Amino acid sequence: EADIYQTPRYLVIGTGKKITLECSQTMGHDKMYWYQQDPGMELHLIHYSYGVNSTEKGDLSSESTVSRIRTEHFPLTLESARPSHTSQYLCASSEPGLAGLTDTQYFGPGTRLTVL
Amino acid sequence: DQQVKQNSPSLSVQEGRISILNCDYTNSMFDYFLWYKKYPAEGPTFLISISSIKDKNEDGRFTVFLNKSAKHLSLHIVPSQPGDSAVYFCAASSITSGTYKYIFGTGTRLKVLA
């Protein structure tokens, strides 16, 4: 089981503020992901990284940006938060196993963001 | 167009009975499937997985069945316990093609009645 941490767990901020959501994992996983989930909806992939200095946009368009300078750290930044960014943000990491036939993503506890 | 569908938004089951959660997918390239359990305001917890080279995988009270021809998988929980009450998500990916991105269903809320 992966140890993956997210801070803060809850954040309430005003419109226009810059925020960074932190995500760290201690398992040395190369692959890391950011998802956004609204209540009652599926998880939508917004960013992913397959290793250091590698970042890609996910399937759901997002105004956020990410960086991957260290293997264990994958922060997400919103330059100017808006009420439409209110959501739960989930970070995950994974490492393929069994000759590439398995790949389990382990999730952090999430950050519940509210933008007023 | 949703590639992974969980058509039952909710399910209620009596404690001790079997819970069956269903998931359908449309992309025949999917070859690896996961089930997660999620409580409100928490991250999903991995439960069980299955590769397309198998049709069944079992782990304690949890069993996942995969029917590739029907593009259908199901999660069986036996016996169901009140602590199993949560939202369950299935997720699918095509990892042998080098894509490690998962598509998630919308979830099924399971309520186990004591």
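The structure this text deals with has already been given above.
Presented here is a report on the structure given in the accompanying data block. (Residues numbered from 1 in each chain as written. Chains lettered and ligands numbered in written order. Predicted model: local features only at pLDDT ≥ 70, side-chain atom pairs only at ≥ 80, totals over all residues. Heavy atoms only, no water.)

1. A short note on the overall build of chain A
Going by this rule: Secondary structure is summarised from DSSP: a helix means a run of H or I of at least four residues, a strand means a run of E of at least two, and numbering begins at the N terminus for each. Atoms counted for the radius of gyration: C-alpha only. Globule rule: 2.2 Å times residue count to the power 0.38. Burial here depends on accessible area, computed with a 1.4 Å probe over protein chains only, as a share of the maximum for the residue type. Under 20% is buried, over 50% is exposed, and the range in between is partly exposed. Contacts are residue-level and defined by heavy atoms, with any inter-residue pair within 4.5 Å sufficient. Computed with a 1.4 Å probe, the accessible areas rest on the Shrake-Rupley method; for each residue, only the protein chains presented here act as cover.
Looking only at helices and strands, chain A features 0 helices and 11 strands. When the helices and strands of chain A are read in sequence order from the N terminus, they spell out β-β-β-β-β-β-β-β-β-β-β. For chain A, whose C-alpha radius of gyration is 14 Å, the value lies close to the compact-globule estimate of 13 Å for 116 residues. Along the three orthogonal principal directions, the C-alpha set of chain A runs to about 45 × 30 × 25 Å. Evaluated residue by residue, chain A yields a buried proportion of 47% over its 116 residues. Across chain A, every contact between residues at least 6 apart in sequence was considered, and the portion connecting residues at least 24 apart equals 55%. When the accessible surface of chain A is summed, it comes to about 5400 Å², and 53% of that surface belongs to carbon and sulfur atoms.

2. Comments concerning the interface of chain A and chain B
Where interface size is quoted, it is often the accessible area lost as the parts come together. Note the following rule: Values labelled buried area give the accessible surface lost by two parts on being combined, using a 1.4 Å probe and summing over both. For salt bridges, the criterion is a side-chain nitrogen of Lys or Arg within 4 Å of an Asp or Glu carboxyl oxygen. Polar contacts, as counted here, are pairs of nitrogen or oxygen atoms within 3.5 Å of one another; within protein the pair requires one atom able to donate a hydrogen and one able to accept it, and residues that are adjacent in sequence qualify only if both atoms are side-chain atoms. Under the grouping applied here, Gly and all other residues not named as nonpolar or charged are polar, the nonpolar ones being Ala, Val, Leu, Ile, Met, Phe, Trp, Tyr, Cys and Pro and the charged ones Asp, Glu, Lys and Arg.
At the junction of the two partners, chain A supplies 27 residues and chain B supplies 24 residues. For the pair chain A and chain B, the two sides together bury roughly 2000 Å², of which 58% comes from carbon and sulfur. Across the chain A-chain B interface, the total number found is 1 salt bridge. Between Lys101 of chain B and Asp59 of chain A there is a salt bridge whose closest N-O contact spans 3.4 Å. Remark: the boundary between chain A and chain B carries 6 residue pairs in polar contact (both at pLDDT 80 or more). Elements that contribute at least two residues to the side of chain A that touches chain B include exactly β4 (31–37), β5 (44–51), β9 (87–94) and β10 (105–107) of chain A. By residue number, the principal contributor to the side of chain A that touches chain B is β4 of chain A, which donates 4 residues. Of the residues belonging to the side of chain A that touches chain B, the class tally is 14 nonpolar, 8 polar and 5 charged.

3. Topic: the packing of aromatic side chains
The geometry of an aromatic ring pair comes down to the distance between the two centres and the angle between the two planes. Our working rule: Between 30 and 60 degrees the pair is tilted, below 30 it is stacked and above 60 it is edge-to-face, where a pair is any two Phe, Tyr or Trp rings, Trp via its six-membered ring, whose centres lie within 6.5 Å. Lysine NZ or arginine CZ positioned within 6 Å of the ring centre and within 35 degrees of the ring normal marks a charge as sitting over the ring.
Scanning all chains against the criterion turns up 11 aromatic pairs over all chains. Look at Tyr35 of chain A and Phe104 of chain B: their rings are 5.3 Å apart centre to centre, the planes differ by 80°, and that puts the pair in the edge-to-face class. Here Phe104 of chain B lies in strand β10 (residues 103–104) and Tyr35 of chain A lies in strand β4, a pairing that spans two chains. Residue Tyr35 of chain A shares its accessibility class with Phe104 of chain B, and that shared class is buried. Taken together, a centroid distance of 4.8 Å and an interplanar angle of 45° make the contact between Tyr25 of chain B and Phe33 of chain B tilted. By relative accessible area, which is 2% here, Phe33 of chain B ends up buried. Grouping aromatic residues by their ring pairs yields a cluster made of Tyr33, Tyr35, Tyr106 and Phe107 of chain A together with Tyr36, Phe46 and Phe104 of chain B. Lying over the aromatic face of Tyr50 of chain A, Lys31 of chain A brings its terminal NZ or CZ to 5.2 Å of the ring centre.

4. Focus on the sheet that holds strand β8 (residues 76–78) of chain A
Residue and element names in this part refer to chain A. Spelled out, the test is: At least two bridges found by DSSP between two strands are what make those strands a pair.
Taken in spatial order, the 4 strands make up an open sheet running β1-β3-β8-β7, and their pairing is antiparallel. The sheet is open, and its two edges are formed by β1 (4–7) and β7 (65–66), each paired on a single side. Two elements, strand β3 (residues 19–25) and β8, share 3 bridges in a ladder whose sense is antiparallel. Counted as the bridge partner of Thr20 is Thr77 from β8.

5. What to know about a nonpolar patch on the surface
All names here are of chain B. Here is the rule we go by: Note that patches include only residues with greater than 30% relative accessible area and no salt bridge, and the join distances are 9 Å for like charges and 5 Å for nonpolar side chains (Val, Leu, Ile, Met, Phe, Trp, Tyr).
On the surface, Ile18, Ile20 and Val78 cluster together into a nonpolar patch covering about 220 Å² of accessible area. Tracing the sequence through the fold places Ile18 in the loop between β2 (10–14) and β3 (19–25). A residue is classified by how much of its surface remains accessible, and Ile18, at 40% relative accessible area, is partly exposed.

6. Digging into the environment of Ser84 of chain A
Residues and elements named next belong to chain A. Note on placement: Ser84 falls in the loop between β8 and β9. Residue classification places Ser84 among the exposed residues on the basis of a relative accessible area of 53%. For the pair Ser84 and Lys17, spaced 67 residues apart in sequence, the C-alpha separation works out to 13 Å.

Everything listed is a geometric property; what it means functionally is a separate question.
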